[in-house]
Amino acid sequence: MSSRKRVLVVGGTGYLGQHLLQGFSEIQGTPFEYDLAFTYHSNLPQPLLDALPHLLPFYVDLKTGQGFDVISHSFGQPDVVVNCAALSVPRVCEMDPNAALSVNVPSSLVDWLSNFKEGSTLLIHLSTDQVYEGVKSFYKEEDETVPVNVYGKSKVAAEQFVSEKCLNFAILRSSIIFGPQTISPVPKSLPIQWIDGGLSKGEKMDFFHDEYRCPVYVKDVVAIILALTSRWISEGKQMQLLLNVGGPDRVSRVQMAEAVADFRGYNTSLIKPVSASSVDRGVKSPADISMNITKLVQTLNFSPTSFTDGVKLTLTTGAKS
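A brief structural summary. (Residues numbered from 1 in each chain as written. Predicted model: local features only at pLDDT ≥ 70, side-chain atom pairs only at ≥ 80, totals over all residues. Heavy atoms only, no water.)

1. Section: the packing of helix α8 (residues 191-200) against helix α10 (residues 253-264)
- For the pair α8 and α10, the least separation of the axes is 10 Å and the interaxial angle reads 60°. One finds that α8 runs oblique with respect to α10. Between α8 and α10 lies a crossing of right-handed hand. Facing α8, whose interface residues are Pro191, Ile192, Ile195, Asp196 and Leu199, α10 presents Met256, Ala257, Val260, Ala261 and Arg264.
- Across the contact of α8 with α10, the residue classes break down as eight nonpolar, no polar and two charged. (Axes fitted to C-alpha atoms, helices over the stretch in contact; angles between N-to-C directions. Helix = DSSP H or I, 4+ residues; strand = E, 2+ residues; numbered from the N terminus. Parallel < 35°, antiparallel > 145°, perpendicular 65-115°, else oblique. Left-handed = near helix turned anticlockwise from the far one by under 90°. Contact = heavy atoms within 4.5 Å. Nonpolar A, V, L, I, M, F, W, Y, C, P; charged D, E, K, R; others polar.)

So, in structure tokens, the structure goes:
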């Protein structure tokens, strides 16, 4: 007899959220099946509901917690909550630090979860590589967090809040997430598609040569969250995890563009390397927040997708620009 488990994706209409709902929906043949719900804030994308009609959508305002009580009555206590909701544009956070804190620190979500039986829900919380200062390469989880902008500071505050208030949690410090477009296309530009769109027009484009990240393929992030969910449900042991979630390759923006050009056969002379310090983005940006992912690989016995393979997968799976 399969037992049904409840999973709630907070911020289910965003880029990772939609990919995650798709990933959970595609699971076959596990000892447990999932009842899936998600929260949305601004609009409910019809294509997502058409493609995955079994999903239960709930309106929630994370700043006030309005809407969580409806989930309690209509869905019940989730076994797993994945929090993908965030104000994640650093420039926007810089202009409105209060909004950044009120959305990025999941106080209303954690308060709501505290109403349920203690210790029976796992919170998987998405954090960022921007918690690191960016003055060296391959940061480890135990390295000091010294964020250089409001976005990073709000995410450090969120990590501290979750680890103090929750009995069971997994905090995932994610790098840039890239991959194919979502079922219902997201409004923000996607990194690989944006590079591809520009270079395909034969236009010269500026790219930073001195900012390094470990971009992670979206389906790897989904696989990691599915693995943590499965482990929590099958073992039921206390979980308090902090993991760097990046790809295996440390790359600059120039190298990201070169990978797209190599795959597509574009002229690499279109890629003009510039220094990050030459552009005023209205926000301070860390120079090198590449991450060591040894703990991730060992904890989940996980083989991450290389950056070049991720680019190929992104550009061959009908991703819309």
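2. Description of the layout of surface pockets
- Here the second largest pocket is characterised by a volume of approximately 240 Å³.
- Forming the walls of the second largest pocket are 16 residues, and the residues nearest its centre are Leu113, Ser114, Lys165, Cys166 and Leu167.
- Elements supplying a minimum of two residues to the lining of the second largest pocket: α6 (107-113) and β5 (122-128).
- Among the elements that take part in the lining of the second largest pocket, α6 stands out by supplying three residues, more than any other.
- Here the residues of the lining of the second largest pocket sort into seven nonpolar, five polar and four charged. (1 Å grid on protein atoms, 1.4 Å probe; cavity = no way out; pocket = protein on both sides within 12 Å on 5 of 7 lines; lining within 4 Å. Points joined across faces, edges and corners; volume = space filled by probe spheres on them.)

3. Section: the environment of Cys93
- Counting through the fold element by element, Cys93 comes out in helix α4 (residues 90-95).
- Residues Cys93 and Leu52 lie 41 residues apart in sequence; the distance between their C-alpha atoms is 32 Å.
- Once residues within four sequence positions are removed from consideration, Cys93 is found in contact with Leu87, Ala100, Asn104, Val150 and Tyr151.

4. A look at helix α9 (residues 218-235)
- Compared with the 26 Å implied by 1.5 Å per residue over 18 residues, the 26 Å span of α9 between its first and last C-alpha is a close match.
- Those residues of α9 lying buried are Val218, Asp220, Val221, Val222, Ile224, Ile225, Leu226, Leu228, Thr229, Trp232 and Ile233.
- Immediately downstream of α9, the backbone of Gly236 shows phi near 60°, a positive value. (Expected span 1.5 Å × (residues − 1). Buried < 20%, exposed > 50% of the residue type's maximum accessible area, 1.4 Å probe, protein only.)

5. Observations concerning the pattern of salt bridges
- Tallied over the full model, the rule gives ten salt bridges.
- Residue Glu159 pairs with Arg173 through a salt bridge whose shortest N-O separation is 2.7 Å. Here Glu159, found in helix α7 (residues 150-165), pairs with Arg173, found in strand β6 (residues 169-174); they are 14 residues apart in sequence, far enough to count as distant. The same class applies to Glu159 and to Arg173, which are both buried.
- Across the salt bridge formed by Asp309 and Lys312, the nearest N and O atoms sit 3.9 Å from each other. One end of the pair is Asp309 and the other is Lys312, both in helix α12 (residues 307-316) and three residues apart, which spans about a single turn.
- Its relative accessible area of 37% is what places Asp309 among the partly exposed residues. (Salt bridge = Lys/Arg side-chain N within 4 Å of Asp/Glu carboxyl O.)

6. Here's the deal with the environment of Met205
- Relative to the helices and strands, Met205 is located in strand β8 (residues 205-208).
- Other than its neighbours up to four places away in sequence, Met205 contacts Trp194, Ile195, Gly198, Leu199, Leu270, Ile271 and Lys272.

7. Notes on the nonpolar core
- Residues Leu16, Ile124, Leu172, Ile225 and Leu228 are the most contacted members of the largest nonpolar core, which totals 44 residues.
- What Leu16 contacts, discounting residues up to four positions off in sequence, is Cys84, Leu126, Ile177, Val218, Val221, Val222 and Ile225.
- In this structure, Leu62, Trp112, Phe116 and Val162 belong to the second largest nonpolar core, which totals 24 residues. (Core = buried A, V, L, I, M, F, W, Y, C linked by side-chain atoms within 4.5 Å.)

8. Considerations on unusual backbone geometry
- Its identity is not glycine, yet Phe138 carries a phi of approximately 55°, on the positive side.
- For Phe138, the location among the structural elements is in the loop between β5 and α7.
- The backbone of Asn301 sits at a positive phi, close to 50°, despite the residue not being glycine.
- With respect to the helices and strands, the residue Asn301 is situated in the loop between α11 (294-300) and α12.

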